[in-house]
Amino acid sequence: MNQEYGPEDEGGLEPEATRRDAGDAESSRASRGWWDRNADEYQNDHGAFLGDDRFVWGPEGLDEADAGLLGPAGSLKGLDILEIGAGAAQCSRWLARQGARPVALDLSHRQLQHALRIGEDVPLVEADAGALPFRDGSFDLACSAYGAVPFVADPVRVFREVRRVLRPGGRWVFSVTHPIRWAFPDEPGPEGLSVAASYFDRTPYVEQDEEGRAVYVEHHRTIGDRVRDVVAGGFRLVDLVEPEWPAWNDQEWGGWSPLRGNLIPGTAIFVCARD
């Protein structure tokens, strides 16, 4: 769960963290507002790790150049690829360097402004992942590194939209916080190693303002839920990757750290096929 939010984000008032229901509209509104407010800080804090044209699947630092989850780098040339929740479009820039034709989509206007700041001619689209503004069969591949999926109330709706815009035989690869992490406090030190909540509690994590309006929402699904969502969205699950924490990575990122990363998984990557 998120630990990036600060008291400066809502007029100096610390938001209240709670667990409660949050539907599609509230979740989308909260995500757009949160990322617009926090994009500058996020890119300042993590931009060096993410790079300007690097495809990283999560805080562990697993690089698509090494993992090849979308396919060998040489096979990407000439392919139309949609990146969902692209942020500053770092992954799309890497895809373009491989000769692909990426489109970077994000809900946050401010995140896409950072994509413009970094530069390079990658098409940018501001839109909701649950209502993709593309024709059927527009893309060969789709990908998302921690984008959109953890923040939507109805992931099946997103998956069906992704399937719609993919051509037959296309892949959909997305990474999310590993579901087991929801049972542990979001702390990088030893205090984050003891189970504090039920893994089976699907109640969303919500940060809300004084009026009870959600300013940040994240949704929990178990591993089994995610697999069922993938199937309900019309995909076949090809692989489920749980990156191990590498020896070279000594940074802390929110609740992610070498201490925790060497003991429990932090990221789950779902590799899906559209038959």
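Predicted, not measured: the structure shown is a model, and the values here were computed from it. (Residues numbered from 1 in each chain as written. Predicted model: local features only at pLDDT ≥ 70, side-chain atom pairs only at ≥ 80, totals over all residues. Heavy atoms only, no water.)

Describing the environment of G147
Then, number 1: Secondary-structure assignment places G147 in the loop between β5 (139-145) and α5 (155-165).
Then, number 2: When the C-alpha positions of G147 and G87 are compared, they lie 7.8 Å apart, and in sequence the two are 60 residues distant. (Helix = DSSP H or I, 4+ residues; strand = E, 2+ residues; numbered from the N terminus.)

Regarding empty space enclosed by the protein
Then, number 1: Inspection of every chain in the model, using the stated rule, returns two cavities of 30 Å³ or more.
Then, number 2: When its volume is computed, the largest cavity comes out at roughly 40 Å³.
Then, number 3: Along the walls of the largest cavity sit P150, V176, T177, P179, W182, E218, H219, H220, R221 and R226, which together make up its complete lining.
Then, number 4: When the residues that make up the lining of the largest cavity are grouped by side-chain class, the tally is four nonpolar, three polar and three charged.
Then, number 5: Its volume calculated, the second largest cavity comes out at about 30 Å³.
Then, number 6: Forming the boundary of the second largest cavity are E60, R181, W256, S257, R260, G261, I264, P265 and G266.
Then, number 7: In the lining of the second largest cavity, the residues fall into three nonpolar, three polar and three charged. (1 Å grid on protein atoms, 1.4 Å probe; cavity = no way out; pocket = protein on both sides within 12 Å on 5 of 7 lines; lining within 4 Å. Points joined across faces, edges and corners; volume = space filled by probe spheres on them. Nonpolar A, V, L, I, M, F, W, Y, C, P; charged D, E, K, R; others polar.)

Re the packing of aromatic side chains
Then, number 1: Inspection of the entire model under this criterion finds 17 aromatic pairs.
Then, number 2: Each ring, one from W35 and one from Y42, has its centre 5.2 Å from the other, and the planes form 85 degrees; the classification is edge-to-face.
Then, number 3: Classification of W35 as buried rests on a relative accessible area of 17%.
Then, number 4: Taken together, a centroid distance of 6.0 Å and an interplanar angle of 85 degrees make the contact between F55 and W94 edge-to-face. One end of the pair, F55, is in the loop between α1 (24-50) and α2 (64-67); the other, W94, is in helix α3 (residues 90-97), and 39 residues separate them in sequence. (Phe/Tyr/Trp six-rings, centres within 6.5 Å; stacked < 30°, edge-to-face > 60°. Buried < 20%, exposed > 50% of the residue type's maximum accessible area, 1.4 Å probe, protein only.)

Quick word on the pattern of salt bridges
Then, number 1: Here the structure, examined in full by the defined rule, presents 19 salt bridges.
Then, number 2: Between D63 and R54 there is a salt bridge, with its nearest N and O atoms 3.0 Å apart.
Then, number 3: The class of D63 is buried, set by a relative accessible area of 13%.
Then, number 4: What makes R54 partly exposed here is its relative accessible area of 22%.
Then, number 5: A salt bridge links E211 to R213, with the shortest nitrogen-to-oxygen separation between them at 3.0 Å.
Then, number 6: Through salt bridges with shared partners, a single ionic network connects D80, R101, D140 and R167. (Salt bridge = Lys/Arg side-chain N within 4 Å of Asp/Glu carboxyl O.)

Considerations on α5
Then, number 1: Taken residue by residue, α5 has P155, V156, V158, F159, E161, V162 and V165 as its buried positions.
Then, number 2: Contact partners of the buried residues in α5: β2 (80-84), β5, β6 (166-177) and α6 (223-232). (Contact = heavy atoms within 4.5 Å.)

Digging into the sheet that holds strand β7 (residues 205-208)
Then, number 1: Sheet architecture is open: three strands sit in the order β1-β7-β8, paired in antiparallel fashion. Each end of this open sheet is capped by a strand with a single partner; those strands are β1 (16-19) and β8 (214-218). Strand-to-strand twist of the sheet, defined as the mean angle between neighbouring strand axes without regard to direction, takes the value 20 degrees.
Then, number 2: Sheet topology places β7 next to β8; four bridges connect them, and they run antiparallel. By the bridge assignment for β8, V206 is matched with V217. (Pairing = 2+ DSSP bridges. Axes fitted to C-alpha atoms, helices over the stretch in contact; angles between N-to-C directions.)

By themselves, these observations are geometric and do not establish any function.
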